[in-house]
Amino acid sequence: MVKILEKLGCKVSYNTKQTCCGQPAFNAGYRDEAKAVAEKFLHDFDGEGYIVGPSGSCTGYVRNYYEALFDNSAEHNLSNKVRGKMFEFTEFLTNILNVNDLGATLNGKATYHDACGALRECGIKAGPRKLLEHVRGLEMVEMKECETCCGFGGTFAVKYEPISIGMAQTKVQSALDTGAKYMITTDVSCMMHIQGYIDKNNLPIQTMHIADVLASGW
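For the structure given in this document, a descriptive report is provided here.

About the cut-offs
- Throughout, a residue's number is its position along its own chain's written sequence, starting from 1.
- Where local features are concerned, this predicted model is filtered to residues with pLDDT of at least 70; where side-chain atom pairs are given and counted, the filter is 80 or more; whole-chain, interface and lining totals use all residues.
- With hydrogens and water stripped out, all remaining heavy atoms of the structure feed into the side-chain values.
- Strand pairing is assigned whenever DSSP detects at least two bridges linking the two strands.
- Counting from the N terminus, the helices are DSSP H or I runs at least four residues long and the strands are E runs at least two residues long.
- Orienting the strands away from the viewer, one traces the path from the first strand over the helix to the second; a clockwise path indicates a right-handed crossover.
- In the sections that follow, a salt bridge refers to a side-chain nitrogen of Lys or Arg positioned within 4 Å of a carboxyl oxygen of Asp or Glu.
- Burial classification: accessible surface area is computed with a 1.4 Å probe over protein chains only, and a residue below 20% of its type maximum counts as buried, one above 50% as exposed, and the rest as partly exposed.
- Neither His nor the chain termini are counted; the positive set is Lys and Arg, and the negative set is Asp and Glu.
- Definition of a polar contact: a pair of N or O atoms within 3.5 Å, with one able to donate and the other able to accept a hydrogen when the atoms are protein atoms, and with sequence-neighbouring residues admitted only if both atoms are side-chain atoms.
- Residues count as neighbours in contact if any of their non-hydrogen atoms are within 4.5 Å of one another.

Where strand β5 (residues 182-185) lies against strand β6 (residues 206-209), four bridges are found, and the strand directions are parallel. Across the sheet, residue Ile 184 finds its bridge partner in β6, namely Met 208. Crossover β5 to β6 through helix α11 (residues 188-200) is right-handed.

On to the pattern of salt bridges, then. Taken as a whole, this structure holds nine salt bridges when the rule is applied. Close ionic contact of Asp 44 with Lys 40 constitutes a salt bridge, the shortest N to O distance being 2.7 Å. With Asp 44 and Lys 40 both in helix α3 (residues 31-44) and four residues apart, this pair spans about one turn of that helix. With a closest N to O distance of 2.5 Å, Arg 129 and Glu 142 form a salt bridge. Of the two residues, Arg 129 is situated in helix α8 (residues 126-133) and Glu 142 in the loop between β4 (136-140) and α9 (156-159); the sequence distance between them amounts to 13 residues. Residues joined by salt bridges that share partners form a network here, namely Asp 114, Lys 125, Arg 129, Glu 142 and Glu 147.

Note: most residues except glycine have negative phi, and most peptide bonds are trans. One non-glycine residue, Asn 72, adopts positive backbone phi at about 55 degrees. Structurally, the position occupied by Asn 72 is in the loop between α4 (56-69) and α5 (76-84). On the basis of relative accessible area, Asn 72 is assigned to the exposed category, the value being 76%.

Moving on, we come to the side chain of Glu 88. The residue Glu 88 is located in strand β2 (residues 86-88) in this model. Nearest to the buried, unbridged Glu 88 among oppositely charged side chains is Arg 63, at 7.5 Å. Among the polar contacts made by the side chain of Glu 88, one reaches the side chain of Thr 90 at a distance of 2.5 Å. A distance of 3.0 Å separates the side chain of Glu 88 from the backbone nitrogen of Glu 91, its partner in a polar contact. Once residues lying within four places of it in the same chain are set aside, the contact partners of Glu 88 are Gly 53, Ser 55, Gly 56, Thr 59, Arg 63, Ile 124 and Thr 186.

Put into structure tokens, the structure is as follows:
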């Protein structure tokens, strides 16, 4: 992601002291702990400039839940400031930088998985597909169930393992039915879950993060 942003002329700063946005604690019901982590996040990113994340899950959480988390608090204004400048990676490329062609090359057939964080929390659907359409040598084909959750869902995969595995099976089979070599997505959490199922069952497909695809062939 940094490689691509710098190629496009962005000055990228990385705060090595940054930690989690607080979503795992929040989703598990630990609101006070989530707020403490989120407060650190706000101060880690209270500078000027955009905040770009390679995950719609983190981006969507900050945008959609920080408002309630910090409502009527001393951090309310800072929260609004940070929420307003946070973007998911592909969204930043297409909506802010107005870029669709990164000059990438990747030979093979691929299908795209709509990660829940990007699709449902951020409303991202067309942008990643536009970016992938411009990758030379890449044949994109839509799969059935492209918008269906892969079954990860953070602690969902731990608490409801059989259901989670069944959802991963459905997702991977839908991708295999297209004949694709790659399943591309915007979230590493989905990749971890799906690739785990693929590896365990020795299936002829692999996951790729869209940033790796867009930086291919340079």
